[in-house]
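Structural characterization, general
Spelled out from the first residue to the last, the chains are:
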Amino acid sequence: MNSCLLCETPIAEKPSWKALLALEQQTEICQDCSKKFQRADIKEEEPFLDRLTSLYRYNEAMREYLHQFKFLQDVALASVFANELRTLLKGNATIVPIPMHPEKKIQRTFSHVDELLKSAGIPFTHLLEKTGTDVMGEKSKAERLAMAPLFTVKAGATIRLGTYIVIDDIYTTGTTLHHAATVLKEAGATRVEAVTLIRAER
C-alpha cells in the first residue's frame, strides 16, 4: 500500500486490469490532499506567446507544495502532477524547460522544472541559458520592462522551424516566459507556447 506524499496517509489502490498491465499510473497523493488543489485550466493567448496553459491556481495548498518541493528539496514531490503534465504535453513539439542559473542550481541542488518533466517521462531539451539570478517577483513593472534579456540560446543549440513549448512551475508576471519566447522566436522558432503548473493571481 502506498502512502500519500504530502500527508503520509496510506492510499488504498483499487485493483484494475489497467493496473495489472501497468497501463495505469499509481496515485501519489490521497483524495483529501488532491481536493485542496484548485484547478485553473487557463488557456489563453498572450502578446508574446501563441498559447499559454496553466493547470492550477496558487492557493494555500499549492504554496505549501511548492515550499516543500523547491525549498525543502523534497524531490519525490515532482511526481505529484506527472499524470496531468504527461496528458497535456503529448505531441511533437520540442519541450524547453526554463533553466536555472548555475549558482541557483548549486544552492537548490536540483532543477525543479527538470524534475517535474522527468517524473512525467517527458523528453525535453535545454536550449536556453539564464543570464542572471534575478527574481521577477521582487521587481517593479518598470524594472522588469527595463531589464536586459534573461536568457540566451545555449552555445551549440540549434533552433529550427517548428513549435516549442516552454515549461515553468509558476506564471506570476509573465516576464520570464516573455523573455524565453522572444529569444526562441528571434532564433528561428515558428511557434512558441508555454505551460505552467501554477497561475498566480496578478
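The sections below set out a description of the structure shown in this document. The structure displayed is predicted, hence computed values, not measured ones.

Relative to the assigned elements, K70 resides in helix α3 (residues 60-71). Of the polar contacts made by the side chain of K70, one reaches the side chain of D169; its length is 2.7 Å. Apart from the residues lying within four places of it in its own chain, the contact partners of K70 are R108, F110, H112 and D169.

Looking now at the pattern of salt bridges. Under the defined criterion, the tally for this structure stands at eight salt bridges. Between D41 and R39 there is a salt bridge; the shortest N-O distance is 2.6 Å. By relative accessible area, which is 46% here, D41 ends up partly exposed. The class of R39 is partly exposed, set by a relative accessible area of 37%. Overlapping salt bridges, with partners in common, bring together R51, R191 and E193 in one network.

Let us now look at the sheet that holds strand β3 (residues 39-46). Reading across from one edge, β3-β4-β9-β8-β5 is the order of the five strands in this open sheet, with mixed pairing throughout. Sheet topology places β3 and β5 (94-97) at the edges, where each strand pairs with a single neighbour. In this sheet, adjacent strand axes meet at a mean angle of 20 degrees when their direction is disregarded. Sheet topology note: the strand β4 (residues 49-57)/strand β9 (residues 191-199) ladder contains six bridges and is parallel. Across the sheet, the residue bridging to R57 is R199, located in β9. Docked against the sheet, helix α6 (residues 112-119) engages β5 and β8 (163-171), running at close to 115 degrees with respect to β8.

Now for the packing of α3 against α6. The angle between the axes and the distance between the axes are what describe a pair of packed helices. At a minimum axis distance of 10 Å, the contact between α3 and α6 shows a crossing angle of 100 degrees. Classified by the interaxial angle, the pair formed by α3 and α6 is roughly perpendicular. Along the contact surface, α3 presents Y65, F69 and K70, while α6 presents H112, E115 and L116. Here the residues of the contact of α3 with α6 are counted per class, giving three nonpolar, one polar and two charged.

Take the pairing of β9 next. Burial runs high along β9: eight of the nine residues are buried. Across eight bridges, β8 lies against β9 in parallel orientation. Bridge assignment links Y164 to a residue of β9, and that residue is V192. For the crossover from β8 across helix α8 (residues 175-186) to β9, the handedness is right-handed.

For α6, the tally of buried residues reaches six of eight residues, placing the bulk of the element in the interior. On the buried face of α6, the contacting elements are α3, α4 (82-88), β5, α5 (102-108) and β8. Just beyond α6, the residue with positive phi is G121, at close to 70 degrees.

Calculation criteria
Residues numbered from 1 in each chain as written. Predicted model: local features only at pLDDT ≥ 70, side-chain atom pairs only at ≥ 80, totals over all residues. Heavy atoms only, no water. Helix = DSSP H or I, 4+ residues; strand = E, 2+ residues; numbered from the N terminus. Polar contact = N/O pair within 3.5 Å; in protein donor to acceptor, adjacent residues only side chain to side chain. Contact = heavy atoms within 4.5 Å. Salt bridge = Lys/Arg side-chain N within 4 Å of Asp/Glu carboxyl O. Buried < 20%, exposed > 50% of the residue type's maximum accessible area, 1.4 Å probe, protein only. Pairing = 2+ DSSP bridges. Axes fitted to C-alpha atoms, helices over the stretch in contact; angles between N-to-C directions. Parallel < 35°, antiparallel > 145°, perpendicular 65-115°, else oblique. Nonpolar A, V, L, I, M, F, W, Y, C, P; charged D, E, K, R; others polar. Right-handed = clockwise from strand over helix to strand, strands pointing away.

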